[in-house]
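# Commentary on secondary and tertiary structure
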Amino acid sequence: MSVPDYMQCAEDHQTVLVVVQPVGIVPEDQFFKIYKRISSVSQVNIRDSQRLLYIRYRHHYLPENNEWGDFQTHRKVVGLISITTCGSTKEWPQTAERFHGQKEVYSSTLYDSRLLVFGLQGDIAEQQRTDVAFYPSFEDCPDVEKRVDDFVESIFIVLESKRLDRATDKSGDKTPLLCVPFEKKDFVGLDTDSRHYKKRCQGRMRKHVGDLCLQAGMLQDALVHYHMSVELLRGVNDFLWLGAALEGLCSASVIFHYPGGTAGKKAGRKPSVSQPADSGKRHRPGAQEVLIDPGALTANGISADTSTEIGRAKNCLSAEDIIEKYKEAISYYGKYKNAGVIELEACVKAVRVLAIQKRAREASEFLQNAVYINLGQLSEEEKIQRYSILSELYELIGFHRKSAFFKRVAAMQCVAPTIPEPGWRACYKLLLETLPGYSLSLDPKDFSKGTHCGWAAVQMRLLHELVYASRRMGNPGLSVRHLSFLLQTMLDFLSDQEKKEVTQSLENYTSKCPGGMEVITLPDGLKLPPVPFTKLPIVRSVKLLNLPLSLRPHKVKGLLGQNMSTASPFIYSPIIMHNRGEERSKKIEFQWVQGDVCEVQLMVYNPMPYELRVENMGLLTSGVEFESLPAALSLPAESGLYPVTLVGVPRTAGNITVNGYHTSVFGVTSDCLLEGLTSVKTSGCLVEVIPSLPRLQLSTSLPRSAHTPQPTSKEELSSTVSVQLFNGEMQPLTITLENIGSEDIETLELTSKTTTTKEKVFGEFLSWDLDEALSHLPLKCGQALTLTVRIKVKLDFSGQESLLQDLNDDGISVTGLPINSPLRHVLKPRSENKTVGSESGRAEYSHIKSLEAVLNFKYSGGAGKVEGYYRELSLGIHVDVEPSVFFTRVNTLPATSTRQCHLLLDIFNPTEHELTVSAKNNQDLVLHASECQRMAIQVDKFDFETLPQPDQETARFTNPKQLEEERQHAQGCQINSNLGICWSIISFQPLTYGGVISENPA
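Residues numbered from 1 in each chain as written. Predicted model: local features only at pLDDT ≥ 70, side-chain atom pairs only at ≥ 80, totals over all residues. Heavy atoms only, no water.

The helix and strand inventory of the protein stands at 26 helices and 35 strands. By the burial criterion, 48% of the 1002 residues in the protein qualify as buried. Taking all contacts inside the protein whose residues are at least 6 apart in sequence as the whole, residues at least 24 apart take part in 74%. As displayed, the protein has an accessible area near 48800 Å², and 50% of this comes from carbon and sulfur atoms. (Helix = DSSP H or I, 4+ residues; strand = E, 2+ residues; numbered from the N terminus. Buried < 20%, exposed > 50% of the residue type's maximum accessible area, 1.4 Å probe, protein only. Contact = heavy atoms within 4.5 Å. Areas by Shrake-Rupley, 256 points an atom, 1.4 Å probe, with all protein chains shown as cover.)

Encoded structure:
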């Protein structure tokens, strides 16, 4: 016997074997349809008896195995059911002859046989025969099961008669010697009259009767005969048959202890359990069929006498003794080279029993023994079956990694070099079945939770084999998926050289079949989830960026509460906070604008030892229609954290959620979702997109400046202009505003703010007329308007002590000023002026003063204006002011009229240019650079009492210093209007400058 039945279990010893085979040409599907109906009759209640007969069906059985029927009767073919088709009476003789020939194959052991004929009609079909049944068609055969019942009962009659004959054989010395096939030549010439030979014959016959009793449903008698056989055979050292008797004893005891069977869930001992219709279709020569288990054995199904229960329990082995006897039996089988199949099957049976007893370690010892049993030259197919069954048995006892090992060996055997046509599909299928044993899943999500599970080196080897098998199957898409999975999940365990080799292989595969995010469904229904490359590159943080300040939307203050649907009277509501806590933690305060480019910054790094090229990297969003603008980047080897900005344009308004990003690396497209990346830091992914707003671009007639007005930051200004003016000069600034957006500008407002606080400006620093610009509204897309802003500087340079001291040192008189002159205080003795300015102040002194201001344009339009939003655009203005003239000395002389006087002015030109000074009713005075001259002006005396005085209530609540400044300013303005002094720089004609003599009365 060369082919083991790996599906055997201990309870098979009580079954009778019936072979069901086709005769002639029978359609395969029709054959297995009838075979399924026949095999459903797996146990039969014998009439006029409380016994059950269990039947085991096979559609293929090697005749050489039948020769071992005397050694173990459940291996003996006792029944034959043939299925044939016959279209006419002419074919019938040939069909009957074939049936007879089929019976001859098993004639030595056959108890009874049946022929089921389909398709024959006529006189022959109307004949009543017990061994032949005629049916018009495969569909019209209602009593097949009834025929099989009758057939099984006839088998039981023969079985029972043989049992009785053997059990009541009183021939004594004439007991025949039962032999296995390889023993027959060994017994030639033996002394048949010796006592040793007779005891051997008796022991073997006792064992044989025990088998017949077990099959006939007499468990108690079987136990008794097995015990007697063991004693007889042990005395004559007949080890092979002693092992068989011990195994029979174990089988009977297992049937008693475990009436539900030991075959497991798939082949449990249940009534009317039938084999799948297509199970036989996969059969190949040399393979064994799946066992069709008989029904459950009840305690009273053998004998109604309760005393027999006591006897049976007495002769029955305990659960521990069953295993010990199995070990002993297997050790005896191991003494015989030709009993390898028997030994292997006994190991399998013992393992199934130990699996029920949950004794996994002892079961593994039996399996380890089974691995090393030599069965001679096995075909490749038989090797595959052997390793597959070993894998299933290891799985049965919970040795998952060992099970995976043998499953993988079976997979490699499918593509052994000796096979002319390697079965790569079978290899791939078996490799997939090994994954759980090696703690390997094909879902990358399982590898993002906690520490790595399993042996990475073994897992990588297995994944490489899956890649190779799928390529040999002609499925490059499957190879790409497995190779992507290997790179993503095993990246930390790959050496630099392995990383390079894997990525090169992946690029080769993807050049023929690009990888994507679709789910791959295998023919057996298994689904392979997509593998996003979240580690190529690795993303550490995701931050949504606000729009540039000039593009940020602002809400009109009066409309801030309009979007609040329900206003709660409570300051704090725990219910609302609880329900919306997650949303609040993710929502961002700022807004994006429909139609404007929005940015998301990712901090990434490249874990590869070489440059990583990432193509088509963009954002994945939901909530509103979003146009992602993909980017391509090249990250240096092991780059460390590297900022990457991804951009896109929201095309509709609403709430947008940034769910992740997509990449294309090594030809594999990946969609990486943030919810699966627990290591990524983010301050929020939900932002509101408001309706579209117009965009304004600003350009000026003055050159741009890098100078930033303080305390305004550079980010807040769209641009800054700088200009240098003489004190009193006016400079026009032409501003061009162009609508570069997609919405019309419907409103425009302009405000200014002077950011310099240490210098006091007289008059309006910045002035403009907005009416002309507003007349061009609404400003269409692409259109522009111009606006002129007048810059006029009037500063007080009277406190320039260092400058005046320099003039005094040069011999220019700066004395003789009236007591109220603004220059008077700088002419005190130098010892008194030491406290006026510190040494550091003198070191930092400059004759140039600076003025800074910000022009703020507020504009809106389109759908955003309807929602109450606007934008702001800011222009920084920096002005450097130089002094133009100094009045170094002021005196008065009486005139001919008592109502008039002569005003004597010593005027100094501190500039490097020649300038002309003029006054009302006076001749112009020309001053060269750094020249001082006196100018006499006849003027009416001033009457300051006519100036308006503040009322008492205002004076009481106002700072006295402020009141004095306002009074002096009013007096100075009156003096200026009466004198009308102005000056101009000749080289800058026709520019003119207005002068201020003093803000104090002279």
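With respect to the secondary-structure elements, Glu328 resides in helix H10 (residues 319-333). At a separation of 2.7 Å, a polar atom in the side chain of Glu328 contacts the side chain of Arg234. A distance of 2.8 Å separates the side chain of Glu328 from the side chain of Tyr332, its partner in a polar contact. Beyond its immediate chain neighbours, meaning those up to four positions away, Glu328 contacts Arg234 and Leu246. (Polar contact = N/O pair within 3.5 Å; in protein donor to acceptor, adjacent residues only side chain to side chain.)

It is worth spelling out the packing of aromatic side chains at this point. Summed over all chains, the structure comprises 18 aromatic pairs. Ring centres 5.7 Å apart and planes at 85° place the aromatic pair Trp68 and Phe71 in the edge-to-face group. Trp68 sits in the buried class, given a relative accessible area of 2%. Residue classification places Phe71 among the buried residues on the basis of a relative accessible area of 0%. Here the guanidinium or amino end of Lys207 rests over the ring plane of Phe71, the centre of that ring lying 5.5 Å away. (Phe/Tyr/Trp six-rings, centres within 6.5 Å; stacked < 30°, edge-to-face > 60°. Lys NZ or Arg CZ within 6 Å of the ring centre and 35° of its normal.)

Right, let's get into the nonpolar core. By size, the foremost hydrophobic cluster in this structure holds 82 residues, and its most contacted members are Tyr428, Leu487, Leu536, Trp592 and Leu602. If you tally residues by element for this core, the top one is helix H16 (residues 456-472), at seven residues. With residues near it in sequence (within four places) discarded, Trp592 still touches Leu544, Leu545, Leu547, Cys598, Glu599, Val600, Ile656, Val687, Glu688, Val689 and Ile690. (Core = buried A, V, L, I, M, F, W, Y, C linked by side-chain atoms within 4.5 Å.)

With that out of the way, let us pick up the sheet that holds strand S30 (residues 900-908). Strand pairing in a sheet is mediated by backbone hydrogen bonds. Such pairs are either parallel or antiparallel. The antiparallel open sheet is built from three strands, whose spatial order is S29-S30-S33. Of all strands in the sheet, those with a lone pairing partner are strand S29 (886-894) and strand S33 (932-940), marking the two edges. Taking the axes of each pair of neighbouring strands and ignoring which way they run, one obtains an average angle of 20° across the sheet. With nine bridges connecting them, S30 and S33 associate as antiparallel partners. Note that in S33 the partner of Ile907 across the bridge is Gln933. (Pairing = 2+ DSSP bridges. Axes fitted to C-alpha atoms, helices over the stretch in contact; angles between N-to-C directions.)

Right, let's get into the packing of helix H8 (residues 239-257) against H10. With their axes 8 Å apart at the nearest point, H8 and H10 run at an angle of 155° to one another. The pairing of H8 with H10 is recorded here as roughly antiparallel in orientation. Pair H8 / H10 crosses with left-handed handedness. Between H8 and H10, the contacting residues are Phe239, Leu240, Leu242, Gly243, Ala244, Leu246, Glu247, Cys250, Ser251, Ser253, Val254 and His257 on the first element and Ala319, Ile322, Lys325, Tyr326, Glu328, Ala329, Tyr332 and Tyr333 on the second. Along the lines of polarity and charge, the residues of the contact of H8 with H10 split into 13 nonpolar, four polar and three charged. (Parallel < 35°, antiparallel > 145°, perpendicular 65-115°, else oblique. Left-handed = near helix turned anticlockwise from the far one by under 90°. Nonpolar A, V, L, I, M, F, W, Y, C, P; charged D, E, K, R; others polar.)

Our next topic: the sheet that holds strand S6 (residues 132-135). An order of S2-S3-S1-S4-S5-S6 is seen for the six strands of this open sheet, with the pairing classed as mixed. Two strands bound the open sheet, and with one partner strand each, they are strand S2 (43-45) and S6. Between one strand axis and the next, the sheet turns by 25° as a mean value, whatever way the strands run. This element, helix H1 (residues 28-39), spans strand S1 (15-23), strand S3 (52-58), strand S4 (77-85) and strand S5 (112-118) of the sheet and lies at about 160° to S1.

All right, on to the environment of Arg114 then. Its place among the elements puts Arg114 in strand S5. In this structure Arg114 comes out as buried when scored by relative accessible area, which is 14%. Spatially, the C-alpha atoms of Arg114 and Ile81 are 4.8 Å apart, while their sequence positions differ by 33 residues. Beyond its immediate sequence surroundings of up to four residues, Arg114 is in contact with Leu80, Ile81, Ser82, Phe99, Thr130, Asp131, Asp150, Phe151 and Ser154. Of the polar contacts made by the side chain of Arg114, one reaches the backbone oxygen of Thr130; its length is 3.0 Å.

Our next topic: the confidence of the model for the protein. On average, residues of the protein carry a pLDDT of 82, and 83% of them reach 70 or more. Note on residues 561-568: pLDDT under 50 across the span, and two contacts to partners over four residues away in sequence or across chains. Confidence drops under a pLDDT of 50 for residues 801-845, and excluding neighbours within four residues, the segment shows 52 contacts in the predicted structure. (pLDDT = per-residue confidence, 0-100.)

Now for helix H6 (residues 195-215). Taking 1.5 Å per residue as the helical rise, H6 with its 21 residues ought to reach 30 Å, and the 30 Å between its terminal C-alpha atoms agrees with that figure. Counting buried residues in H6 gives 15 out of 21 residues, a clear majority hidden from the surface. Positioned one or two residues after H6, Gly217 has a phi angle of 90°, which is positive. (Expected span 1.5 Å × (residues − 1).)

This brings us to helix H7 (residues 219-235). Its 17 residues give H7 an end-to-end C-alpha distance of 25 Å, which sits within 8% of 24 Å, the value for a rise of 1.5 Å per residue. Of the positions making up H7, those classed as buried are Leu219, Ala222, Leu223, His225, Tyr226, Ser229, Val230, Leu232 and Leu233.

Moving on: the environment of Trp592. Considering the arrangement of structural elements, one finds Trp592 in strand S11 (residues 587-593). For Trp592, a relative accessible area of 1% puts it in the buried group. On a C-alpha basis, the gap between Trp592 and Gly654 in space is 9.7 Å, while along the polypeptide they are 62 residues apart. At 3.0 Å, the side chain of Trp592 forms a polar contact with the backbone oxygen of Leu545.

Attention now goes to the packing of H7 against H8. Two packed helices can be described by the angle between their axes and the distance between those axes. Running from amino to carboxyl end, H7 crosses H8 at an angle of 155°, the nearest separation of the two axes being 9 Å. Overall, the two elements H7 and H8 adopt an arrangement that is roughly antiparallel. Judged by the sense of rotation from one axis to the other, the crossing of H7 with H8 is left-handed. Residues Leu219, Leu223, Tyr226, His227, Ser229, Val230, Leu233 and Arg234 of H7 lie in contact with H8, whose contacting residues are Trp241, Leu242, Ala245, Leu246, Gly248, Leu249, Ala252, Ser253 and Phe256. For the contact of H7 with H8, the residue count by class is 12 nonpolar, four polar and one charged.

One pass over the structure, following the stated rule, counts 29 salt bridges. A salt bridge links Asp70 to Lys76; the nearest nitrogen and oxygen atoms lie 3.6 Å apart. Here Asp70 falls in the partly exposed class, since its relative accessible area comes to 29%. Across the salt bridge formed by Glu160 and Arg163, the nearest N and O atoms sit 2.6 Å from each other. On the criterion of helical spacing, the pair formed by Glu160 and Arg163 is a turn pair, its members being three residues apart in helix H5 (residues 144-167). For the residue pair Glu160 and Arg163, the accessibility class agrees, reading buried in each case. Ionic contacts of the salt-bridge type, sharing partners, join the residues Glu183, Arg200, Arg204 and Asp238 into one network. (Salt bridge = Lys/Arg side-chain N within 4 Å of Asp/Glu carboxyl O.)

Our focus in this paragraph is the environment of Asp906. Tracing the backbone shows Asp906 in strand S30. Look at Asp906 and you get buried, because its relative accessible area is 8%. As a C-alpha pair, Asp906 and Asn891 span 15 residues in sequence and 8.8 Å in three-dimensional space. Non-local contacts of Asp906, meaning those with residues more than four positions away in its chain, are made with Phe886, Phe887, Thr888, Arg889, Cys932, Gln933 and Arg934. A polar side-chain atom of Asp906 sits 2.5 Å from a polar atom in the side chain of Arg934.

Tracing the backbone shows Arg51 in the loop between S2 and S3. Using a relative accessible area of 14% as the deciding quantity, one classes Arg51 as buried. Among the polar contacts listed, one links the side chain of Arg51 to the backbone oxygen of Ala216, at a separation of 3.2 Å.

The subject of this paragraph is unusual backbone geometry. A cis amide bond links Leu536 with the next residue in sequence, Pro537, at an omega value of -5°. Looking at the element boundaries, Pro537 is found in the loop between strand S8 (527-528) and strand S9 (538-544). For the bond from Leu777 to Pro778, the omega torsion is -5°, close enough to zero to count as cis. The topology assignment puts Pro778 in the loop between helix H21 (771-774) and strand S26 (784-792). Unusually for a residue other than glycine, Lys358 sits at a positive phi of about 60°. Topologically, Lys358 is positioned in the loop between helix H11 (340-357) and helix H12 (360-371).

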